[in-house]
Structures are given as C-alpha cells and as structure tokens.
Amino acid sequence: MPLPLVLVGVLALLVMIPTRRLYLAGWRGWTLVTYFLLVLAMGVLVAELRGPARFLVPILVIAYLAPFVTARAGVARLLGRGGPDVDDGSSDGRRPPPKDVTPPDQRG
C-alpha cells in the first residue's frame, strides 16, 4: 500500500473526531463536509510540504481543537459555575429526594 494513501487514511480518521463533535453540536451536513475536507487538505499539506507547515500548523491546531471548546462552558468554568441552572422546584436549591418506585408489597 502506498505511503501517501496510508497518510490520508490516518489523517481522515483523526479529522473525524472533531467532525463528529460538530455533528453532535448540530452543524449541517454541507458545513461538516467542508470542515472535514479543509482540515484534511491542510493536514496533507503540512505532512507533505515543509514550506507552508509553519503557517498551517497553528491554523490546523486551532481548527482541530475548536470543536471541543464552547464559549458557554468556558465562561461558566471561569465564573465557577458547575453547570446550567436547573429549576427543579425546590426553594432551597437542593435536589428533591429520589422517588421510591419499589412495589408496595416489597417495601420493608
């Protein structure tokens, strides 16, 4: 098997990880295909040509890591909030006790 084909295959598998993350975030199909092909093309260029590598590597790193970072989660983490505010109906902020679903004849 030729080495360039193996390189493209490995890069494609690596680019599928952030592409899947974008898919789960609700991005549309054509946007995902465009993202996948652009990052794959930049990866191939970086791997094959040394000249554009010093300009493309930072862009490639940002394009690869960006789907894993969300602005809302980052701001919440900086402000010390655990997660999204959930109104569970309790006035003191604690969770309600779990519901007992044990059948009455098996309760002891």
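Residues numbered from 1 in each chain as written. Predicted model: local features only at pLDDT ≥ 70, side-chain atom pairs only at ≥ 80, totals over all residues. Heavy atoms only, no water.

Chemist: Explanation requested: the packing of aromatic side chains in the structure shown.
Modeler: The geometry of two aromatic rings is summed up by the distance between their centres and the angle between their planes. A complete count under the given rule lists one aromatic pair for this structure. Between Tyr64 and Phe68, the ring centres sit 6.3 Å apart and the planes meet at 50°, which makes this aromatic pair tilted. (Phe/Tyr/Trp six-rings, centres within 6.5 Å; stacked < 30°, edge-to-face > 60°.)

Chemist: Is there a simple way to think about a nonpolar patch on the surface in this case?
Modeler: Together, Leu3, Val6, Val10, Leu14, Ile17, Val57, Val61, Leu65, Phe68 and Val69 make up a nonpolar patch on the protein surface, roughly 850 Å² of accessible area in all. Only helix H1 (3-24) and helix H3 (53-65) provide two or more residues apiece to the nonpolar patch. Here the nonpolar patch takes five residues from H1, the largest share from any one element. Within the secondary structure layout, Val61 lies in helix H3. Judged by relative accessible area, which is 41%, Val61 ranks as partly exposed. (Patch = residues over 30% accessible without salt bridge, like charges linked within 9 Å, V, L, I, M, F, W, Y side chains within 5 Å. Areas by Shrake-Rupley, 256 points an atom, 1.4 Å probe, with all protein chains shown as cover. Salt bridge = Lys/Arg side-chain N within 4 Å of Asp/Glu carboxyl O. Helix = DSSP H or I, 4+ residues; strand = E, 2+ residues; numbered from the N terminus. Buried < 20%, exposed > 50% of the residue type's maximum accessible area, 1.4 Å probe, protein only.)

Chemist: Even after reading the chapter, I still don't get the pattern of salt bridges, so can you show me in this structure?
Modeler: Where charged atoms from two side chains of opposite charge approach closely, those side chains can pair. If you walk through the whole model with that rule in mind, you get one salt bridge. Between Asp100 and Arg107 there is a salt bridge, and its shortest N-O distance comes to 3.3 Å.

Chemist: Sorry, what's going on with the nonpolar core here?
Modeler: The tendency in soluble globular proteins is for nonpolar side chains to be buried as a group. Grouped together as the largest cluster of nonpolar side chains are 13 residues, with contacts concentrated most on Phe36, Val39, Leu40 and Met42. It is helix H2 (residues 29-48) that contributes the most residues to this core, six residues altogether. (Core = buried A, V, L, I, M, F, W, Y, C linked by side-chain atoms within 4.5 Å.)

Chemist: I keep staring at the confidence of the model for the chain and nothing clicks. Help me out?
Modeler: Interpretation of the predicted coordinates at a detailed level should be avoided for regions scoring low in pLDDT. Of all residues in the chain, 80% attain a pLDDT of 70 or more, and the chain-wide mean is 80. Highest mean pLDDT in the chain belongs to H2 (90); lowest belongs to helix H4 (residues 71-79) (66). (pLDDT = per-residue confidence, 0-100.)

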